[in-house]
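Results of the structural survey
Below, each chain spelled out in residue letters.
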Amino acid sequence: MEFFRIKRDIPFMRHALVFNLISGLTFLAAVFFLFSRGLHLSVEFTGGTLLEVTYSQPADLGGVRDTVAKLGFADVQVQNFGTARDVLIRLPAQKGVSSAQQSSQVMVALKERDASATMRRTEFVGPQVGDELAADGLKALAFVVVGIMIYLAVRFEWKFAVAAIIANMHDVIIILGFFAFFQWEFSLPVLAAVLAVLGYSVNESVVIFDRIRENFRRYRKMNTEEIINNAITSTISRTIITHGSTQMMVLSMLLFGGATLHYFALALTIGILFGIYSSVFVAAAIAMWLGIQREDLVKAGGAKKDIDPNDPNAGATV
């Protein structure tokens, strides 16, 4: 399906250096904010109190959130748990206040608002659990990165693997930089969004890399820069359709998903936008600067069977 056909190749690589300088500055700024401000970790990572409250009728999550926030608790997480009448409340740990005191204070306020509110259970999430979650999250991120590198190195060539990983880590660090700069809450759903962005971004890179490999086999008189420009231009229609459809779904979660999905959708939105950018101006450009060439992707003695018979340059030699 190709709704947006562009007849003339766009010279993306002509401006690659400028865009990569911008990327480098953005990346360094993200790293700076990560070290200077740090991430605003949620209860899952820092520890706190977990309450499960049930109502006689579907709960008003917004009202529950406002009621708890008026007590002075910042960054409270309120979401349905099981049915619409069951609510899960996560409270951050406070110095000098026990978990039992927090639970009692919250329940008094909730009962004043709705007498049917009943506490089913309460538990304390210790910092040790938070440390384990943080460690497991870093391990998951490392496994994803290593898996992507192995996949790209086997399917394409090591230069593509290096280029794609640099581009993907560029996306991840920039997402984390946004969360550090604005001090948005970094929770488990946000971590899941970051891992999803890694896979989503590498998918775009693979599409472009696959077209680059195909172009090396078909167009023998083009140089590497022209091959890459043609590959990106010829996949623009697919990029617009795929990413546009995905972004509409993510925006619906961002606008209508409520507080529970807000930061998850926000991380995906940033990741999708920078994923498109990095696949074109970071991954493809780095592969070009690493010296990717026809001989890296077209095996000797097997080139003729891969030539398109309709290609006017089919008779040319490599």
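This text follows the structure it describes.
Cut-offs and rules
All chains use their own residue numbering, which begins from 1 and follows the written sequence. Owing to the predicted nature of the model, reporting of local features is limited to residues with pLDDT of at least 70; listing and counting of side-chain atom pairs is limited to 80 or more, with chain, interface and lining totals taken over all residues. The side-chain figures draw on all heavy atoms in the structure; neither hydrogens nor water molecules are used. Here, patches come from residues exposed beyond 30% relative accessible area and free of salt bridges, joined within 9 Å for like charges and within 5 Å for nonpolar side chains (Val, Leu, Ile, Met, Phe, Trp, Tyr). Each accessible area is a Shrake-Rupley result for a 1.4 Å probe, and residues are judged covered by the shown protein chains and nothing else. What makes a salt bridge here is a side-chain nitrogen of Lys or Arg within 4 Å of a carboxyl oxygen of Asp or Glu, nothing more. Under the DSSP-based scheme used, a helix requires at least four consecutive residues in state H or I and a strand at least two consecutive residues in state E, with every element numbered from the N terminus. Whether a residue is buried, partly exposed or exposed follows from its accessible area with a 1.4 Å probe, protein chains only, as a fraction of its type maximum: under 20%, in between, or over 50%, in that order. Contact criterion: two residues are considered in contact whenever any of their non-hydrogen atoms come within 4.5 Å of each other. Paired strands are those between which DSSP finds at least two bridges. Only the contacting stretch of a helix is used when fitting its axis, a line to C-alpha atoms as for every element, and angles between N-to-C directions run 0 to 180 degrees. Whether a set of points on the 1 Å grid over the protein atoms alone is a cavity depends on a 1.4 Å probe fitting there but being unable to get out, while an open set qualifies as a pocket with protein on both sides within 12 Å along at least five of seven lines; lining residues are those with an atom within 4 Å of a point. Grid points are joined across faces, edges and corners, and a volume is the space filled by probe spheres set on the points. Amino acid classes used here: Ala, Val, Leu, Ile, Met, Phe, Trp, Tyr, Cys and Pro are nonpolar; Asp, Glu, Lys and Arg are charged; the rest, including Gly, are polar.

Looking now at a nonpolar patch on the surface. Together, Leu17, Leu21 and Trp289 make up an exposed nonpolar region whose accessible area comes to about 350 Å². In this fold, leucine 17 is placed in helix H1 (residues 16-36). Given the relative accessible area of 55%, leucine 17 is considered exposed.

Let us now look at the environment of phenylalanine 19. Examined against the element boundaries, phenylalanine 19 turns out to sit in helix H1. Filtering out sequence-adjacent residues up to four positions away, phenylalanine 19 remains in contact with Tyr277 and Phe281.

With antiparallel pairing, the four strands of this open sheet are ordered in space as E3-E4-E2-E5. Strands with a single pairing partner mark the edges of an open sheet, and in this sheet they are strand E3 (77-81) and strand E5 (118-125). Adjacent strand axes in the sheet meet at a mean angle of 20°, parallel and antiparallel pairs treated alike. Packed onto the sheet, helix H3 (residues 61-69) meets E3 and strand E4 (83-92) and runs at close to 145° relative to E3.

A few words on the pairing of E3. On any regular strand, side chains alternate: one points to one face of the sheet, the next to the other face. Relative to E4, E3 is paired through five bridges, and the arrangement is antiparallel. Its bridge partner being in E4, glutamine 79 is matched across the sheet by leucine 88. In textbook terms, the turn of a hairpin is the stretch between consecutive antiparallel strands, and for E3 and E4 this stretch comprises one residue, one of which, glycine 82, has a positive phi near 90°.

Right, let's get into unusual backbone geometry. In this model, glutamine 183 sits at a positive phi of 55°, which is unusual for a non-glycine residue. Residue classification places glutamine 183 among the partly exposed residues on the basis of a relative accessible area of 34%.

Here we come to the layout of surface pockets. As a volume, the largest pocket reaches approximately 360 Å³. Breaking the lining of the largest pocket down by element, the ones donating at least two residues are H3, E3 and helix H10 (258-289). Counting residues per element, the lining of the largest pocket draws most heavily on H10, at six residues. Among the residues forming the lining of the largest pocket, the class breakdown is 10 nonpolar, five polar and five charged. For the second largest pocket, the calculated volume is near 290 Å³. Lining the second largest pocket are 14 residues, with Leu39, Ala134, Leu138, Phe186 and Leu191 positioned closest to its centre. At the level of elements, helix H5 (127-155), helix H6 (158-182) and helix H7 (188-218) are the ones that each hand at least two residues to the lining of the second largest pocket. Per-class residue counts for the lining of the second largest pocket are 13 nonpolar, one polar and no charged.

By themselves, these are just geometric observations and shouldn't be taken as functional.
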